[in-house]
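# Structure assessment
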Amino acid sequence: MLRLFLLLGFVPFLRAQTGENVLLVVNRKDPVSVQIGEYYRLKRAIPARNVCTLDTSPQEEIEWQTYVEQIEAPVGACLNKAGLVESVLYIATTLGVPLKIAGSAGKINAAEQGSVDSELALLYAKLKGVKYQRRGTVPNPLFGKRDVPFRHPQFPIYLVTRLAAYSFNDVKGMIDRSIQASNRGKFVIDLRSGRDEGGDDWLRNAAIFLPGSRVILDETTNVLYGQKDVIGYASWGSNDKNRKRRWLGFQWLPGAISTEFVSTNGRTMKQPPDDWAYTTWQERLHFWAGSPQGMAADLIHEGATGASGNVYEPYLEGCARPDYLLPAYYEGRTLAESYYLALPFLSWQGIVLGDPLCSIGKPGKP
């Protein structure tokens, strides 16, 4: 136990957050977005002034100018008008709010394409007059800061998560499970068969930073299916060549979160046919939404409460780090804080599916 304390460090006062700290963003032009917004507003007691209604395209992919004019500027106006710039810590977008911003592809220092949510995270600083280049990434000031509580203005960002999955029912289940969350169950960590690379090191470290009695770690060529009482999960997903099944068959506990090193698993919220399966990059006829890779929304559909994803290629160094994500969540951080502690870059490809307020509480607490 002393080892765990030293590895994680002391997490200072974790102030309970409420609906007062969330800006809920809905798209008037998408009925499901409005439906999700109303359900979440009632469940989390979101004040009326904390609801920002947009009139924007319901398309998943939009151009940069559309993002600026129809999302960023109106959300900024909502925050300013209601006097919420400082008190809002989290922004919750909804299914039906555009997902990704088109642009040139490229390496981490050059690509212009990215996720709406990752760009929107910079809005706090932009409202203070900070300017950013569109190309490339912006370092996330919260990344790795496991010993410091998230607050403004120390961390000049918003933590943006998305109340989205394949359908209203999937999102409703996600919200309901977030309210029922508690700190119990196993953290399942599945390495990719004996490969010695950064991602496997991060997975091993995640296991080290958690109490051994709460961890199931597999370093063999096997893929872990059918696990019970899962509260956290990290793996290579469809990038593990031994992963043949689309569905993990897990029993997910309320509040369970997940992350996989998969480049395009947040590319769409449109549901594949039930018989769709992972393929290779050579089998183009079997792609779904332009890729053969797994889907983050599958994890929500199966029963997880939170999942990270990427709308375009993030490269491994741009993926969520499980060695920050899972220990932070175990220690009682909110879902939003835990994921953003694990994301090295903003203005990039990442999305977080889940209720930002979800928390399993500190260890030993009901």
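Quick summary incoming for the structure in this document. Quick caveat, the model's predicted, so the values are computed rather than measured.

Basis of the calculations
Residues numbered from 1 in each chain as written. Predicted model: local features only at pLDDT ≥ 70, side-chain atom pairs only at ≥ 80, totals over all residues. Heavy atoms only, no water. Helix = DSSP H or I, 4+ residues; strand = E, 2+ residues; numbered from the N terminus. Buried < 20%, exposed > 50% of the residue type's maximum accessible area, 1.4 Å probe, protein only. Contact = heavy atoms within 4.5 Å. Areas by Shrake-Rupley, 256 points an atom, 1.4 Å probe, with all protein chains shown as cover. Lys, Arg positive; Asp, Glu negative; His and termini not counted. Charge placed at Lys NZ, Arg CZ, Asp CG, Glu CD. Disulfide = S-S within 2.5 Å. Polar contact = N/O pair within 3.5 Å; in protein donor to acceptor, adjacent residues only side chain to side chain. Pairing = 2+ DSSP bridges. Right-handed = clockwise from strand over helix to strand, strands pointing away. Phe/Tyr/Trp six-rings, centres within 6.5 Å; stacked < 30°, edge-to-face > 60°. Axes fitted to C-alpha atoms, helices over the stretch in contact; angles between N-to-C directions. Parallel < 35°, antiparallel > 145°, perpendicular 65-115°, else oblique. Left-handed = near helix turned anticlockwise from the far one by under 90°. Nonpolar A, V, L, I, M, F, W, Y, C, P; charged D, E, K, R; others polar.

### Thoughts on the overall build of the protein
- Secondary structure summary: the protein contains ten helices and 15 strands in total.
- Its C-alpha atoms put the protein at 55 × 50 × 40 Å along the principal axes.
- In the protein, which comprises 366 residues, the share counted as buried stands at 60%.
- Counting contacts in the protein only where the partners sit at least 6 residues apart, residues at least 24 apart contribute 77% of the total.
- Within the structure as shown, the protein displays about 14400 Å² of accessible surface, and the carbon and sulfur contribution to it stands at 52%.
- Here the protein holds 41 positive side-chain charges and 37 negative ones, and the gap between their average locations is 4 Å.

### Some words on the state of the cysteines
- Counted according to the given criterion, the structure contains one disulfide.
- Two residues share a disulfide in this structure: Cys52 and Cys78, whose sulfurs sit 2.2 Å from each other. Where Cys52 bonds to Cys78 through sulfur, the torsion about that S-S bond is close to 75°, and the disulfide is right-handed. Taken together, the positions of Cys52 in strand β2 (residues 51–54) and Cys78 in helix α3 (residues 64–81) put the pair 26 residues apart, joining distant regions of the chain.

### Describing the side chain of Ser291
- Inspection of the secondary structure assignment puts Ser291 in the loop between β12 (252–260) and α8 (296–302).
- Given the relative accessible area of 1%, Ser291 is considered buried.
- Within polar-contact distance, the side chain of Ser291 engages the side chain of Thr264 at 2.8 Å.
- With residues near it in sequence (within four places) discarded, Ser291 still touches Thr264, Arg267, Trp276 and Trp281.

### Quick look at the environment of Phe261
- Topologically, Phe261 is positioned in the loop between β12 and α8.
- Expressed as a C-alpha distance, the spacing of Phe261 and Thr279, which sit 18 residues apart in the sequence, is 16 Å.
- The contacts of Phe261, once residues within four sequence positions are left out, are Gly199, Trp202, Leu203, Ser235, Trp236, Asn239, Leu316, Cys319, Ala320 and Pro322.

### A few points about the pairing of strand β13 (residues 306–310)
- Of all five residues in β13, five are buried, a share of seventy percent or more.
- Residue alternation in β13 divides its side chains into two sets, Gly306, Ser308 and Asn310 and Ala307 and Gly309, and both sets are buried.
- Examined bridge by bridge, β12 and β13 share two bridges and lie parallel to one another. Each bridged residue has a counterpart across the sheet, and for Ser258 the counterpart in β13 is Ala307.
- Each parallel crossover has a hand, and for β12 linked through α8 to β13 it is right-handed.

### Observations regarding the packing of aromatic side chains
- Under the criterion given, the structure shown has 13 aromatic pairs.
- Geometrically, the ring pair formed by Phe143 and Tyr324 is edge-to-face, given 5.2 Å between the ring centres and 65° between the ring planes. Residue Phe143 is located in the loop between β7 (138–139) and β8 (159–163), and its partner Tyr324 is located in helix α9 (residues 322–330); the two are separated by 181 residues in the primary sequence.
- Classification of Phe143 as partly exposed rests on a relative accessible area of 22%.
- Of the residues examined, Tyr324 reaches a relative accessible area of 19% and is grouped as buried.
- Here Trp281 and Phe287 contribute two aromatic rings whose centre-to-centre distance is 5.6 Å and whose plane-to-plane angle is 85°, an arrangement assigned as edge-to-face.
- Given the relative accessible area of 45%, Trp281 is considered partly exposed.

### Some points on the side chain of Glu72
- Position of Glu72 among the secondary structure elements: in helix α3.
- A polar side-chain atom of Glu72 sits 2.8 Å from a polar atom in the side chain of Lys126.
- In this structure, Glu72 is in contact with Tyr67, Leu120, Leu123 and Lys126, ignoring residues within four places of it in sequence.

### Things to note about helix α10 (residues 335–342)
- With eight of its eight residues buried, α10 lies for the most part within the structure.
- Residues of α10 that are buried include every one of Leu335, Ala336, Glu337, Ser338, Tyr339, Tyr340, Leu341 and Ala342, and no others.

### Quick notes on the packing of helix α7 (residues 198–208) against α9
- It is at 7 Å that the axes of α7 and α9 come closest, and there the two elements cross at 20°. The pairing of α7 with α9 is recorded here as roughly parallel in orientation. You can see that α7 and α9 cross each other, and the crossing is right-handed. In this structure, α7 uses Trp202, Leu203, Asn205 and Ala206 to contact α9, whose residues at the interface are Pro322, Asp323, Leu326 and Pro327.
- Residue composition of the contact of α7 with α9, grouped by class: six nonpolar, one polar and one charged.

### Observations regarding the sheet that holds strand β3 (residues 61–62)
- Read across the sheet, three strands follow the order β3-β5-β6 without closing on themselves; strand pairing throughout is mixed. With one partner strand each, in any of the chains shown, β3 and β6 (114–115) form the two edges of the open sheet.

### Some remarks on α9
- With nine of nine residues buried, α9 is to be regarded as a mostly interior element.
- Pro322, Asp323, Tyr324, Leu325, Leu326, Pro327, Ala328, Tyr329 and Tyr330 are the residues of α9 that are buried.
- Gly332 lies just past α9 and shows a positive phi near 110°.

### A few points about unusual backbone geometry
- Residue Pro153 follows His152 across a cis peptide bond; omega there is 0°.
- With respect to the helices and strands, the residue Pro153 is situated in the loop between β7 and β8.
- If you check the backbone angles, Tyr315 has positive phi at about 65° while not being a glycine.
- For Tyr315, the position within the fold is in the loop between β13 and α9.
- With relative accessibility at 25%, the residue Tyr315 sits in the partly exposed group.
- Notably, Ser347 is not glycine yet its phi reads approximately 55°, a positive angle.
- Considering the arrangement of structural elements, one finds Ser347 in the loop between β14 (345–346) and β15 (350–353).

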